[in-house]
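# Inside the fold
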Amino acid sequence: MSMKFEFPESCGNGGSCGCSSEDKTAKLAPALDPVDVSRRWFMKAGTAFTTTVLVPGVTLMAFAEAEAAHARPADQPVSSKQRWGLLIDASKCADGCTACVSACNEENGIATPKNLATDAQWIRKLTVTNPKEGSSFSMPFMCQHCAEPPCVDVCPTGASFRRADGIVLVDRHICIGCRYCMMACPYKARSFVHEPLQDQKPYAPRGKGCVESCTMCVHRVDAGGTPACVEACTKAGHAAMIFGDLNDKTSEIAKRVATYRTTRVRDDLGTDPGVYYQNI
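The alternating pattern of strand β12 (residues 275–278) places Val275 and Tyr277 and Tyr276 and Gln278 on opposite faces, both of which are buried. Sheet topology note: the strand β4 (residues 84–89)/β12 ladder contains four bridges and is parallel. Within β12, the residue paired with Leu87 across the bridge is Tyr276.

Here it is, written out as structure tokens:
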């Protein structure tokens, strides 16, 4: 069945927030800082060395901008024996509910977007419409954490990478802001940071001039927890989202995927997404 996915491009505030349809390229392009540019090209030149050491279990230092960001405790390396994933039941996702979006923004220090065409959105609610019948439903949408992620394939510096346990991340310290990954992603799941950021979370460092996307709350996962969006959905009483290990046949998510009909968005592309949907 053909479905039309609607990705909002403006906030509907009459352009007062700067999201009118006219070309904003010149206004959105960040001014080049010679020092920042030099640092980025230095990091690019050292990619072979950097990507060798940037494997799961290694601490990424925040260059005096934030505290150390840990992919996972050094004594607990990630393993391909696990594959973290999400199962989302659209029939339980209430129209108008944005608990998952609010929780993600609060957890990761993301401001409420004013310009939906450019501002960061790690998770968003989409309206899906059947063009023949006109019926529609809403569902949360984020990085699909693919096993074969196109974003990783095109990244020239290795900043985009996939952990052994299936979580796809961006190392902002070697991201040069080329945005190839944004063009390669078929899910429009990545954002580019155009402006300086304030009130950063030490466990979720972000930075101007870098690409970012849903991390599946990796800091929570590595501590044995659950992504903020899943927790918020449960607290809201909907329980539309399940998080767990897809490789563990005894886990709730694996049982559901094995028992019920599920769908993965654009599964035909061969990216092998880690996010499954029911009732779409």
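What follows continues from the structure just given.
So, about the environment of Asp245. The topology assignment puts Asp245 in strand β11 (residues 241–245). Under the relative-accessibility criterion, Asp245 is labelled buried at 11%. If we skip the residues at most four places from it in the chain, Asp245 touches Lys81, Gln82, Arg83, Trp84, Ser251, Ile253 and Ala254. Separated by 2.8 Å, the side chain of Asp245 and the backbone nitrogen of Arg83 make a polar contact. Among the polar contacts listed, one links the side chain of Asp245 to the backbone nitrogen of Asn247, at a separation of 2.9 Å.

In this structure, Asp199 takes a positive phi of about 55° despite not being glycine. Residue position: Asp199 is located in the loop between β9 (191–192) and β10 (211–212). In this structure, Ala239 is a non-glycine residue whose phi angle is positive, near 50°. Along the chain, Ala239 turns up in the loop between α8 (228–235) and β11.

Right, let's talk about the confidence of the model for the chain for a bit. Counting all residues, the mean pLDDT for the chain is 80, and 73% of those residues have values of 70 or more. Contacts of residues 12–71 to residues separated by more than four positions or lying in other chains number 72 contacts, the stretch itself having pLDDT below 50.

Criteria and thresholds
Residues numbered from 1 in each chain as written. Predicted model: local features only at pLDDT ≥ 70, side-chain atom pairs only at ≥ 80, totals over all residues. Heavy atoms only, no water. Buried < 20%, exposed > 50% of the residue type's maximum accessible area, 1.4 Å probe, protein only. Helix = DSSP H or I, 4+ residues; strand = E, 2+ residues; numbered from the N terminus. Pairing = 2+ DSSP bridges. Contact = heavy atoms within 4.5 Å. Polar contact = N/O pair within 3.5 Å; in protein donor to acceptor, adjacent residues only side chain to side chain. pLDDT = per-residue confidence, 0-100.

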